[in-house]
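Examining the three-dimensional arrangement
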Amino acid sequence: MLDSLKKQSVGLFLSLICVFPSLPIICSGQSNFSGKELREILNDEIRMRVGKDAEIAISKSIPDIVFNEKNVQVIFDFGSETELNGNFVVGIEFRSGKGLLRRIEVPVRVKIFRDVLVAKETIRQGSELTFENCIVERRPIPSNTKFEDLNPDELLGKVARHSIVRGSIISRNLLSEPFAVHRGEKVKIVVLSGKVSVITVGTALQDAGVGEQVRVRREGTQTVISGFAAKDGSVIISN
């Protein structure tokens, strides 16, 4: 009876190691590996990394694997993947004191969902983003997009760098800061020469954000000069 209880306790202990792995090593002290259990543990490991707002598809069945060696360890190798999003390959390595016994590679697809800003209509270049032309929707995030570039609160109020097609997810790289100078508007021109400054007036020939170069036409002339847009809407020219 005592021997039987000891055997049951050992079996239970090994089962618990497989179900609750110590990362990155997930299963040791045995030589038989169930493909189904490996698949489930890999799914749990990815879920722990990406969170609950994601769809995980492990697109290749993992075979049952048997080794003669004891104390075989299993390690998941995610390579250089820092954000598990999109299509990638996970290496499953089986190791013992003799080193690497076997490695298999498993294709995986992950879709991560976030609340993002989406264009309700085609937004023209230079237009400000507002809730009139944008809406917040829950969408899968493209694999080449950084999550921090998608925060709706930080994007509203900025302007489109180029035209944004209706239905597009809007990210920071599509936007620029609001224009300090607007095309066709009267602007103050400040010409700096040493300690002397000369102020005149002109018309902006293009839109420009703070610090961007802008062409202006002096009032009453056809002379076009270039300067840099200042925060207050003036154009600074340094000689």
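Because the structure is a prediction, the values reported are computed rather than measured.

Our focus in this paragraph is the overall build of the chain. Helices and strands together make up the secondary structure of the chain, namely 3 helices and 14 strands. Considering the chain as a whole, with its 239 residues, one finds that 35% of them fall into the buried category. Taking all contacts inside the chain whose residues are at least 6 apart in sequence as the whole, residues at least 24 apart take part in 50%. Of the roughly 14600 Å² of accessible surface on the chain, a fraction of 50% belongs to carbon and sulfur atoms.

Here the focus is the nonpolar core. Among the nonpolar cores identified, the biggest contains 26 residues, and L42, I46, I92, F94, V108 and V110 are the most heavily contacted of them. At the level of secondary structure, the elements contributing two or more residues to this core comprise α2 (35–50), β2 (54–58), β4 (73–77), β5 (86–96) and β6 (99–119). Apart from the residues within four sequence positions on either side, F94 is in contact with F33, L38, I65, F67, V72, Q73, V74, G99, L100, L101, R102 and I104. Formed by 13 residues, the second largest nonpolar core is a distinct cluster that contains A180, V191, A204 and V214.

With that settled, the discussion passes to the confidence of the model for the chain. Scored by pLDDT, the chain has a mean of 85; 87% of the residues are at 70 or more. Segment residues 1–29: pLDDT under 50, and 32 contacts once partners within four positions in sequence are set aside and those in other chains are kept.

Topologically, K158 is positioned in the loop between α3 (152–155) and β8 (159–160). The class of K158 is buried, set by a relative accessible area of 15%. Within the structure, the side chain of K158 is placed 2.9 Å from the backbone oxygen of E154, a separation counted as a polar contact. Apart from the residues lying within four places of it in its own chain, the contact partners of K158 are S127, E128, L129, L175, S176, E177 and P178.

Attention now moves to the sheet that holds strand β14 (residues 235–238). Pairing within the closed barrel is mixed, and its 5 strands lie in the order β10-β11-β12-β13-β14. Looking at each pair of strands side by side, their axes are set apart by 50° on average, direction ignored. Two elements, strand β10 (residues 186–193) and β14, share 4 bridges in a ladder whose sense is parallel. Along β14, the bridge assignment pairs I189 with V235.

Conventions used here
- Residues numbered from 1 in each chain as written.
- Predicted model: local features only at pLDDT ≥ 70, side-chain atom pairs only at ≥ 80, totals over all residues.
- Heavy atoms only, no water.
- Helix = DSSP H or I, 4+ residues; strand = E, 2+ residues; numbered from the N terminus.
- Buried < 20%, exposed > 50% of the residue type's maximum accessible area, 1.4 Å probe, protein only.
- Contact = heavy atoms within 4.5 Å.
- Areas by Shrake-Rupley, 256 points an atom, 1.4 Å probe, with all protein chains shown as cover.
- Core = buried A, V, L, I, M, F, W, Y, C linked by side-chain atoms within 4.5 Å.
- pLDDT = per-residue confidence, 0-100.
- Polar contact = N/O pair within 3.5 Å; in protein donor to acceptor, adjacent residues only side chain to side chain.
- Pairing = 2+ DSSP bridges.
- Axes fitted to C-alpha atoms, helices over the stretch in contact; angles between N-to-C directions.

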